[in-house]
Structures are given as structure tokens and as C-alpha cells.
Amino acid sequence: MTRRKEVHRLAMVSLPSEGGFWCDPLNVDSWYDIDSELVNKKVSSDAENSDKSIEEQEDSSCRSYRAHFLQSEHFNFYGRDELVGPLVLSLKYYNHNDSQSYHIRIILRLSTGTIHKLVHWDRQNGESSPAGLAKTVCSDLSLTFLQPVLCPNTAELLLNFDEHVLVNSFKFGVIYQNVGQTSEEAMFGNRTHSPAMDKFLDMIGQRIALATHDGYRGGL
């Protein structure tokens, strides 16, 4: 009688030696954030030569949430202003060795557009409230408080909103040139093509019927 040895398959996760994955630890100093390190380096190099309290980021606002907030600890708030209308605010805090100041990355989404800034905050000015931070980005705001966003799929919804203007599909044209054709009129006037052209088209893509195709149509 033979006995079969049971093998327990356990999930194995290989973490990079330099870190990079966000977790929810008890000690905030125990997790690694590449974006935080870049901000710390920039602050340390510019602190002596810059007295500006607000630095405008050159990053595209539609990519800022994915680049700096996703998979990092941050906070989202929403509200409705009497003048500006509805808004959604995302905040990410960077704690530095200097306890008298810190940096906050802000994304403010308005009906007129999205604003992305990196703000230097001095603790001597008092604690920074979400509504107060929103006003540092948009001075037209008059609201006094914002509500936290508690939706479980907030990150996905914000990504869809921020990146809906991005173009992720492209259109290419292929023109058949027969032997001896040298003018555009002749090439665009072709009604047939060679078996080699069919083989080339089958190699670069898949033929579909536009009438029944539900994906990207390229304006056709």
C-alpha cells in the first residue's frame, strides 16, 4: 500500500529588495515610496534657494493620480461650492525630517478642469484642512469643509475620470503601390491588390466587419 504525500500549495510573493509596494504598516517609516524620495531630494536641494510656498508641477494633470497617488497612502474629499460647483480633492502628504514643515501633493478636480500642485506647508501656519488646501489651489472657492470619499472603488473611478481624455487607440493607413505606379492618383485609384498584400495584411492585423465591430473603429 502506497501513501500519497499531500503538497500544500502556498501563495508565494517575491518582493523587490528596494521595496516599492505600498502596505498599511503601523510604522509609516517602514514603507518605501519612490515618489516621496524624489520629493525629499528636490526639497533638500531647493530649500536654500527657494522661498516659494507653492510649486507648479509640470506633469500632465490627467496622469498625476496614477503616477503619484495610486498604490500610495492618500486621501480623497468631495464637495460642492456655490460659485465653482462640484469638486473632488486628492491629497498626499510627504513628511520630512524637519518637523516644522512638510509637503502636500494636491489634485483638485473642477468642472472647468483639473489642477495639480505640490504645496509646501509650514506648521507655524496651523494645521492644513482639506478645504483650506483646496483654496490655496483655487482662490475662488468659498466652501468651509469637504466630505471624505468612502466609496470602495474610488481609485478606479478617479482614474477613469482623469484619464478619459487620453488617447489610447491609434489609426494607421496602408496604401498599395503596384509596379510602375508613381503618382498618388494611381495608387489611390487601385481597386485590387496582390496576394503578397493579402499576406502582409494578415500578418499585421485581423480583419473585421465594421458593421458588427464594437471596438475602436478609427472614425470609419
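Refer to the structure above for everything that follows.
Residues numbered from 1 in each chain as written. Predicted model: local features only at pLDDT ≥ 70, side-chain atom pairs only at ≥ 80, totals over all residues. Heavy atoms only, no water.

Inspection of the entire model under this criterion finds four salt bridges. A single network of salt bridges, built from pairs that share partners, joins Asp198, Asp202 and Arg207. (Salt bridge = Lys/Arg side-chain N within 4 Å of Asp/Glu carboxyl O.)

Take the nonpolar core next. Counting residues in hydrophobic clusters, the biggest one holds 20 residues, and the most contacted among them are Leu87, Leu89, Leu91, Ile104, Ile106, Leu108 and Leu141. For this core, the secondary-structure elements that each account for two or more residues are β3 (85-95), β4 (101-110), β5 (113-122) and α3 (130-137). (Core = buried A, V, L, I, M, F, W, Y, C linked by side-chain atoms within 4.5 Å. Buried < 20%, exposed > 50% of the residue type's maximum accessible area, 1.4 Å probe, protein only. Helix = DSSP H or I, 4+ residues; strand = E, 2+ residues; numbered from the N terminus.)

Before going further, it helps to spend a moment on the pairing of strand β2 (residues 75-81). Bridge count between β2 and β3: seven bridges; the pairing is antiparallel. Across the sheet, the residue bridging to asparagine 76 is serine 90, located in β3. Once β2 ends, the chain turns through three residues before running back antiparallel as β3. In the sheet, β2 pairs with strand β6 (residues 147-148) via two bridges, with the strands oriented antiparallel. (Pairing = 2+ DSSP bridges.)

To continue, consider the packing of helix α2 (residues 61-69) against helix α4 (residues 154-162). Contact geometry for α2 and α4: axes closest at 8 Å, N-to-C directions at 150°. As the angle between them shows, α2 and α4 are arranged roughly antiparallel. For α2 against α4, the interelement crossing comes out left-handed. Each of Cys62, Tyr65 and Arg66 in α2 lies in contact with α4, whose residues at this interface are Ala155, Leu158, Leu159 and Asp162. Classifying every residue of the contact of α2 with α4 gives five nonpolar, no polar and two charged. (Axes fitted to C-alpha atoms, helices over the stretch in contact; angles between N-to-C directions. Parallel < 35°, antiparallel > 145°, perpendicular 65-115°, else oblique. Left-handed = near helix turned anticlockwise from the far one by under 90°. Contact = heavy atoms within 4.5 Å. Nonpolar A, V, L, I, M, F, W, Y, C, P; charged D, E, K, R; others polar.)

Ala131, Leu133, Ala134 and Val137 are the residues of α3 that are buried. Summarising the axial view, the buried residues of α3 lie within an arc of 160°, below the 170-degree limit, and thus occupy one face. Against β3, β4 and β5 lie the buried residues of α3. (Arc of directions from axis to C-beta.)

Phi is positive for glutamine 71, which is not a glycine, with a value near 65°. One can find glutamine 71 in the loop between α2 and β2. For glutamine 71, a relative accessible area of 62% gives the class exposed.

Read these as geometric descriptors, not functional statements.
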